[in-house]
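Residues per chain are reported as follows:
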Amino acid sequence: MAFLNEQALRGIGFKRLGCNVRISDKASIYDPEKIEIADNVRIDDFCVISGRVNFGRNVHVAVFCNVAGGDVGIIFEDFSGLAYGCQVFTQSDDYTGRSLTNPTVPDKYKIETKKAVVIGRHAIVGTSSIILPGVVLGEGTAVGAMSLVNHSTESWSVYFGCPAKRLKARKRDLLKLEAEYVSGI
């Protein structure tokens with residue numbers, strides 16, 4: 001995997017760019033002036049990042065992810081991440097037939113849901129999962145592979161399914177490791 005060098009990253013025109021940021025040269029970035037990136041962020045091959053997005057520290061977005069922040073935005077808090085092929089949406093057309101759909105149609109003919117998304121600190125989203133508009137993944141949430149998250153989650157819980165349902169509590173052992181890691185920086 002080839003990552004953009006520091007000069008190329010600075011040339012993109014991000015709203016904010018931290019240190020030790022690694023973005024694949026095969027990722028697609030739209031609206032970089034709306035994107036904020038903190039330290040130690042990695043975005044892998046074939047990801048599409050667009051709209052208002054704020055990446056906290058130590059965030060990872062694996063290959064083939066779509067992060068569509070739109071106008072209202074997505075916040076990735078520190079140590080959060082998306083596994084392969086995840087989709088995060090802040091906007092959705094109305095599919096009931098009451099309005100026209102798709103980006104080629106003027107807004108006055110469409111009904112769209114537009115709600116911000118928050119991926120909480122230490123939240124992790126499993127392969128091929130989908131996060132819908134308005135969802136807040138609580139701190140420490142773990143979402144199993146191929147889940148559809150259409151409602152906000154409880155902190156330090158494991159979710160799975162379509163739609164995602166809470167399965168059990170998640171261990172917090174990683175907080176000790178975070179403290180050790182952060183104290184060494």
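To be clear, the structure that these remarks concern was listed above.
Residues numbered from 1 in each chain as written. Predicted model: local features only at pLDDT ≥ 70, side-chain atom pairs only at ≥ 80, totals over all residues. Heavy atoms only, no water.

Trainee: Outline the overall build of the protein, listing residues and values.
Mentor: Helices and strands together make up the secondary structure of the protein, namely two helices and 22 strands. At 17 Å, the protein has a C-alpha radius of gyration in line with the 16 Å of a compact globule built from 185 residues. On the principal axes, the C-alpha backbone points of the protein span a range of 55 × 45 × 25 Å. Expressed as a percentage of its 185 residues, the buried residues of the protein come to 43%. (Helix = DSSP H or I, 4+ residues; strand = E, 2+ residues; numbered from the N terminus. Rg over C-alpha atoms; globule rule 2.2 N^0.38 Å. Buried < 20%, exposed > 50% of the residue type's maximum accessible area, 1.4 Å probe, protein only.)

Trainee: Break down the sheet that holds strand β20 (residues 148-149) for me, with residues and values.
Mentor: Ordered in space as β3-β6-β9-β12-β17-β20, the six strands form an open sheet in which the pairing is parallel. Of all the strands in the sheet, the pair left with one neighbour each is β3 (28-29) and β20. The pairing of strand β9 (residues 66-68) with strand β12 (residues 87-89) spans three bridges and is classified as parallel. Residue pairing in the sheet places V67 in a bridge with V88 of β12. (Pairing = 2+ DSSP bridges.)

Trainee: Describe the layout of surface pockets, with residues and values.
Mentor: Considered as a void within the structure, the largest pocket measures approximately 230 Å³ in volume. Along its surface, the largest pocket is lined by Q91, S92, D93, Y95, N102, P103, D107, K110, E112 and K114. Among the elements of the structure, β13 (91-93) and β14 (112-114) are those that each provide at least two residues to the lining of the largest pocket. The biggest single contributor to the lining of the largest pocket is β13, with three residues. Among the residues making up the lining of the largest pocket, the classes are represented as two nonpolar, three polar and five charged. (1 Å grid on protein atoms, 1.4 Å probe; cavity = no way out; pocket = protein on both sides within 12 Å on 5 of 7 lines; lining within 4 Å. Points joined across faces, edges and corners; volume = space filled by probe spheres on them. Nonpolar A, V, L, I, M, F, W, Y, C, P; charged D, E, K, R; others polar.)

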